[in-house]
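Chain and residue survey
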Amino acid sequence: MVRCARGGWGTITAGLLSILVGSALAGPDLTDKHEKGRCAIRGHCGKQGFFGSDLPCPDNGLAEKPEEDVKKKLVDICGEQWSDTDVCCTGEQVDALKKNLDRATPIINSCPACKENFYNMFCTFTCSPNQSLFINVTNTEPKGDKFLVTQLDHLVSNEYGSEFYNSCKDVKFGATNGKAMDFIGGGAKNYTQFLHFLGEKKFLGSPFQMDFPRPNKTEFPGLTPMNKTAYPCNTTNENFRCACLDCGGSCAELPEVSEARQCHVGLLPCLSFAVIIIYSVFLGLLCTAVAGHVAYRKISNHKNERLRLLQDLEPSDDEDEGDIVHNVGMLDRPMKHYFINTWCDRMFNRLGYVCARFPVITIFISILVVALMSLGWMNFEIETDPVRLWVSPDSAAAQEKNFFDEKFGPFFRAEQAFLVNDTGKEPGPVLSYDTLRWWFGVEGQIQRMLSLEGGVKLDEVCFKPVGDACVIQSVTGYFQGDFSNVRPDSWEDTLLDCVDNPSSCLPTFQQPLDPHLLFGGVNQSVLDAQALIVTWVVSNHAEGTPEFQRAMNWEDSMKDMMLVFQGEAERRGLRLSFNAEVSLEQELNKSTNTDAKIVAVSYLIMLIYASLALGSTTLTVRSILRNPANALVQSKFMVGIVGIVIVLMSVAASGGLFSAAGIKVTLIIAEVIPFLVLAVGVDNIFLIVHEFERVNISHPEGTIPERVARALGRMGPSILLSATTETIAFALGCAVGMPAVRNFAAYAAGAVFINAILQVTMFIAVLALNQQRVEANRADLFPFVKVSRADSSYLNGGMGYGAGEEGDLQKFIRKTYAPAILGKKAKVFILALFFGIFAAGLALFPKVELGLDQRIAIPSDSYLIPYFNDLYDYFDAGPPVYFVTKELNVTERPAQKELCGRFSTCKQYSLANIIEAERKRPEVSYLAASAANWLDDFFFWLNPENSQCCVNDKKPCFEDRQPPWNMTLNGMPEGEEFIQYLERWIEAPTTEECPLGGAAAYSNALVIDEKHLTIPASHFRTSHTPLRSQKDFISAYTAARRIANDIQKDAGTEVFPYSKFYIFFDQYVTIVRLTGALIGSALGATLLITAILLGSIQTALVVTLVVGMIVSTIIGSMAVLGVSLNAVSLVNLIICVGISVEFTAHIARAFTFPSRVTMERAPRHSFRGRDARAWTAMVNVASSVISGITITKILGVGVLAFTRSKIFEIYYFRVWAALVFWASTHALILLPVLLSLFGGKGYVDPESDGGLEQDLRSRQYPALLGDDEDEYDSDE
């Protein structure tokens, strides 16, 4: 049709330039006189050849009055301005003028200004009484006794030519959605090219040469350029104003999109720049403070030296007073008790005593309670539907999806395939005759296929907009799905013709095929396309219906068949990738199943490590070498096993409890909770066992329940602090609307809380039983076997050979590490380093991307990976988007003007005009196409010029209507008449005679309420630009939201955007704020709980600051490690807050409640006050933090490195590896430094108080006795 259209335009031009008839002039003086009322050419004088068009005769005579019938025809064509004037044309000219202008009208009819200017120019050229003023015949050719005009000059003013071109340059030609200028102006880029194309003599073009020289009085004396009024396309005259679609000037002037502009200073985001400046200032102040301190110390030392020289050199009696104080650090030791800590200590002491006193009863009750809670698993359900996972049912996206599905039906199910020729060294064209023959066969088999379940065929489930034809968007549709229509010698030409004019090659479902949806990797033409794209559209139905199940059954069988076709394609040197609607959910479930063994392996490794590490608290290499039988008694494999079993019990109890409450398990819960509880739970077991072994050494005279009670009394408050903070941090996630996050938060909080309870009850009972076994000299794992060869010195609490021996790690921390990091110079360096890391983390915040690539969420060997790659590489079309209106009464004229776009009285900020204006700035709107406006097409369907559309009694519906059909909407139907015609249109088929029928394109685009004469809902379809990344999808969704809000403001009714992918990206509109709120709330909870349980706001602030710095650094690491922010990583960040508290809480509590025995042995003359307490905290618990927290998490996280799931590897392994590294370094390096500088007041540790422990302090750490004092060096 494109070629026909171009040929038709040549005929139009030929006719318009050869419709004059007049008398011939003899002699060379062709246009002697140039004055008003005189002609230059008139009439037809013949043709140059047999196939040529009629050429005008030169005629410099006077203009004449037309006959009445000629005048009437001329007025009908050219307007009322020709009703009372002389003319230079005759009746046959006017007939020819009408015939040829009618051919041009369909191309330019949508823009009244362009049409008027076009008509005006050729009417003036043909009939103006003042032709001689702007036309000069320059060459003629004799024809018998007449002369034929073969060349002339046509002077047109620059103003008219420019306005004429501008009014037509953006006009769309509806049949191809191309530009009308391509047909009427040869694709001209300016008005001189436009006029040159109109006047150029060529085959199927102008029959004579018409030159358009630029006006010049010197070159053309006596000539005056034609300068009639040309209407701009955005004229204020409603009769000629063009729509925004055809005229950029008519588009609403949209405000600049501020969201699209991000604040930058040079190449740096403003946040990064500000952080760098602030850190630089901090570093400068720190250096200044250090320099000032050094200078002050020098001056002070110099003064002291002068004073000592003036004083008596005899020793003072007071100098001996230092011998009274064993250690200067004890001068500032805490003297007060903190009542909350004392109460907690007493409660945990009592709890520990009861559990250890009645261990069997405690274990039985614990197992019984967990078993009862686990009964809820009978109500266990797994939620796999991504929509119900990631979208809050109360969110706008969910409600809009429900509205769309209810009013227009669920969005179609799409099955899509890519056939690609990229298996060679370089990609090549995929199209060939043999390939087409094979692919026709593939599609035929798919259409004939019966599903394995139910025997369903495609014909039963496909979408059928018109008749019984399924919508299959494929290259086969250009040949009506019949390979017999493909000719070996001409299929290329046929295909090119169909691509140029899709309307002439309609598939069986009678809708034009967009080439962008069928061919990928196109360079010059579709014949060199590297990929064929095929889409089968399947009707969707509500979940649970038989129709829905039939569609899924067919898709399952189709998927299996496509896997077979992949092998056939490979043998042909091609590659086939595909996706069925059911594929993604199935592949996500497959990912979960394959990673179950990773969970099992992590538990096994943790079990082995826990058993070995816990046993090392009472076993040393020397003791084993001295008597290997000791290992059989002192090992703690049973304790380790019970610790792991308690973790599993807490997971089971939490799962049962919340399953009973109807909270469904999600994939994140199934994958993450076991790791999370394992990481948190094992830590506390280490702390309890380590403390219990210390108590066995320091208080061997106590009974087992008393020793267990004392150990729990000391560690219980630490466990309470960490467990409470973690539970609350996780529980805060319940405030999130996303079910996946909310359910995870509930399960995690429950599991951590139950795990903590079991640890201070059941585990304590098991620990007491284990100690009974040890003191009875019975073998681990086999308590009925007594090991007689074991050293009896291990009885009675283990006060035997090697008891109390410091490990290498403990000794390193006490003698080297703790003194080193608490030195003055080291503190400055540590502060500068860690606040620099903190600043770097903050500076990287803007680099963290949003989104979750589908290719990451599925197994790395999934057949969907190539499909998603091809989708991004070859699919040159974006997803459809619908702008939905609610409760707008379109039967009334004001509402019609708020929606329409093709009519001159449409509001400047109507829905169609705003969408069109946004389409013209795709870099911020992400819209690629004009809206499919059902209202415009309905009104054009009523246009009597479309004589085969709306017909009453074999004549156009609006042919005799008064006022007649026009571009101002005046006289268009309203109210009941509107509904009557609308119902006829919505059932009208799309045919070649009338392509505007609404059945195919708009059958589900609007809801008609006949009773109330209104349109409760309708949608306007457009499409996004190709979206090739998560950032593009998020930006497109955000832009659509913004556009809908702008339309809503002007339309006065609710408007929202809808696309199938929006519901998955709705979370990203608020996820940054949500992340900040959740992390901020978790930090606030940490501050509150820490302040209450530690009794110091200062210490609580330090702990909260360190936790905040850890989380900030992890977020910065996400930018470096390629981890984007989404619901999965948001869950991980909440976990990071809780586990960071785990790393810091025990050190902070040991600082606040320092062990008196350990504090007394701080390095002499080196530490006092906060420094001494910081040293004491590190000596007491740092080794437990390393062996019980850091190493356990390294082992647990390290297993994830071997998962085959990309989502595990990226979102769990990378984030948790960063967590372990940053949390351990901050807790073991930065935290003690900050506590030594800014920590709050300390309190007496109730478990360190009392004469017995102080009397036995020499038994605790022999290495701490005075004979080693020479090993302590001062930092001064």
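Residues numbered from 1 in each chain as written. Predicted model: local features only at pLDDT ≥ 70, side-chain atom pairs only at ≥ 80, totals over all residues. Heavy atoms only, no water.

Taking an unreviewed UniProt entry as the reference, the protein chain is identified by name as Multidrug efflux transporter AcrB transmembrane domain-containing protein belonging to Melanomma pulvis-pyrius CBS 109.77. You can read under Sequence similarities (unreviewed entry) in the UniProt record for the protein chain the words "Belongs to the patched family." In its Subcellular location (unreviewed entry) section, the UniProt record describing the protein chain reads: "Endomembrane system". (UniProt positions renumbered as here; feature names shortened; annotations may be inferred.)

**Side note on empty space enclosed by the protein**
If a probe the size of a water molecule is rolled over the atoms, the empty space left behind becomes visible. Here the structure, examined in full by the defined rule, presents seven cavities of 30 Å³ or more. Residue lining of the second largest cavity: 13 residues in total, with F675, A679, K1193, V1197 and W1216 positioned closest to the centre. The set of elements that each furnish at least two residues to the lining of the second largest cavity consists of helix 22 (667-698), helix 42 (1170-1199) and helix 43 (1206-1238). Counted by class, the lining of the second largest cavity contains 10 nonpolar, two polar and one charged residues. For the lining of the second largest cavity, the two domains that each supply at least three residues are domain 2 (339-379 + 604-786) and domain 4 (807-847 + 1067-1249). (1 Å grid on protein atoms, 1.4 Å probe; cavity = no way out; pocket = protein on both sides within 12 Å on 5 of 7 lines; lining within 4 Å. Points joined across faces, edges and corners; volume = space filled by probe spheres on them. Helix = DSSP H or I, 4+ residues; strand = E, 2+ residues; numbered from the N terminus. Nonpolar A, V, L, I, M, F, W, Y, C, P; charged D, E, K, R; others polar. Domains from an automatic or database assignment.)

**With respect to the pattern of salt bridges**
Inspection of every chain in the model, using the stated rule, returns 33 salt bridges. A salt bridge links K886 to E1054, with the shortest nitrogen-to-oxygen separation between them at 3.4 Å. Highlighted residues: K886 in strand 15 (residues 880-886) and E1054 in the loop between helix 36 (1030-1051) and strand 20 (1055-1058), separated in sequence by 168 residues. Note that R893 is salt-bridged to E974, the shortest N-O span being 3.5 Å. One end of the pair, R893, is in helix 30 (residues 893-899); the other, E974, is in the loop between strand 17 (955-956) and helix 34 (975-986), with 81 residues separating them in the sequence. It is possible to trace a salt-bridge network through shared partners that takes in E918, R921, R1042 and D1046. (Salt bridge = Lys/Arg side-chain N within 4 Å of Asp/Glu carboxyl O.)

**Looking at the sheet that holds strand 18 (residues 1006-1009)**
Read across the open sheet, the four strands follow the order 18-19-15-20; overall the sheet is antiparallel. Of all strands in the sheet, those with a lone pairing partner are strand 18 and strand 20, marking the two edges. Across the sheet, the mean angle from the axis of one strand to that of its neighbour is 20°, orientation sign disregarded. Two strands pair when backbone bridges link them, and strand 15 and strand 20 are joined in this way by four bridges, in the antiparallel orientation. By the bridge assignment, V884 is partnered in strand 20 with F1056. (Pairing = 2+ DSSP bridges. Axes fitted to C-alpha atoms, helices over the stretch in contact; angles between N-to-C directions.)

**Observations regarding the sheet that holds strand 3 (residues 135-143)**
For sheets, the rule is that strands pair by backbone hydrogen bonds, running either parallel or antiparallel. Judged by pairing direction, the sheet is mixed, and its three strands sit side by side in the order 3-4-7 without closing on themselves. Strands with a single pairing partner mark the edges of an open sheet, and in this sheet they are strand 3 and strand 7 (209-211). Each strand of the sheet is rotated relative to its neighbour by a mean of 30°, with strand direction disregarded. Bridge count for strand 4 (residues 146-154) against strand 7 is three bridges, and the pairing is parallel.

**Thoughts on the state of the cysteines**
All chains considered together, the criterion is met by 11 disulfides. Covalent S-S linkage joins C233 and C247, the inter-sulfur distance amounting to 1.9 Å. Because the torsion about its S-S bond is 60°, the bridge between C233 and C247 counts as right-handed. A residue pair is termed long-range when its members are at least 10 positions apart, and C233 in the loop between strand 7 and strand 8 (264-265) and C247 in the loop between strand 7 and strand 8 qualify at 14 residues. We classify C233 as buried; its relative accessible area is 9%. (Disulfide = S-S within 2.5 Å. Buried < 20%, exposed > 50% of the residue type's maximum accessible area, 1.4 Å probe, protein only.)

**Section: the nonpolar core**
Core analysis: the biggest nonpolar cluster contains 288 residues, and Y478, L495, F519, F903, W934 and I1147 have the highest contact counts within it. In terms of residue count, the dominant contributor to this core is helix 43 (19 residues). When residues no more than four places from it in sequence are discounted, the contact partners of F903 are D936, F939, F940, W965, N966, M967, L969 and M972. Within the second largest apolar cluster, 61 residues are counted, among which are C57, V137, V156 and F212. (Core = buried A, V, L, I, M, F, W, Y, C linked by side-chain atoms within 4.5 Å. Contact = heavy atoms within 4.5 Å.)

**Observations regarding helix 31 (residues 911-919)**
In terms of burial, helix 31 is largely enclosed, as nine of its nine residues are buried. Of the positions making up helix 31, those classed as buried are L911, A912, N913, I914, I915, E916, A917, E918 and R919.

**Overview of the pairing of strand 2 (residues 54-58)**
On a regular strand, one side chain projects to one face of the sheet and the next to the other, so that they alternate. Summarising burial for strand 2: four of the five residues are buried, a large majority. Direction of pairing for strand 1 (residues 41-47) relative to strand 2: antiparallel, over a ladder of four bridges. Within the sheet, the bridge partner assigned to K47 lies in strand 2 and is D54.

**A word on the packing of helix 23 (residues 704-731) against helix 24 (residues 739-759)**
What describes two packed helices is the angle between their axes and the distance between those same axes. The contact between helix 23 and helix 24 brings their axes to 8 Å, and the two run at 165°. By the angle between their directions, the pair helix 23 and helix 24 is classed as roughly antiparallel. Of the two elements, helix 23 crosses helix 24, and the hand of that crossing is left-handed. Judged by residue contacts, A723, E726, T727, F730 and A731 of helix 23 engage A745, A748, A749, V752, F753 and A756 from helix 24. Residues belonging to the contact of helix 23 with helix 24 are distributed by class as follows: nine nonpolar, one polar and one charged. (Parallel < 35°, antiparallel > 145°, perpendicular 65-115°, else oblique. Left-handed = near helix turned anticlockwise from the far one by under 90°.)

**Examining the confidence of the model for the protein chain**
Per-residue confidence for the protein chain gives a mean pLDDT of 82; residues scoring 70 or more make up 87%. Confidence, read as mean pLDDT per element, is least for helix 44 (residues 1251-1255) in the protein chain (42) and greatest for helix 10 (residues 359-374) (95). Segment residues 1-8: pLDDT under 50, and 12 contacts once partners within four positions in sequence are set aside and those in other chains are kept. Confidence drops under a pLDDT of 50 for residues 1250-1276, and excluding neighbours within four residues, the segment shows 52 contacts in the predicted structure. (pLDDT = per-residue confidence, 0-100.)

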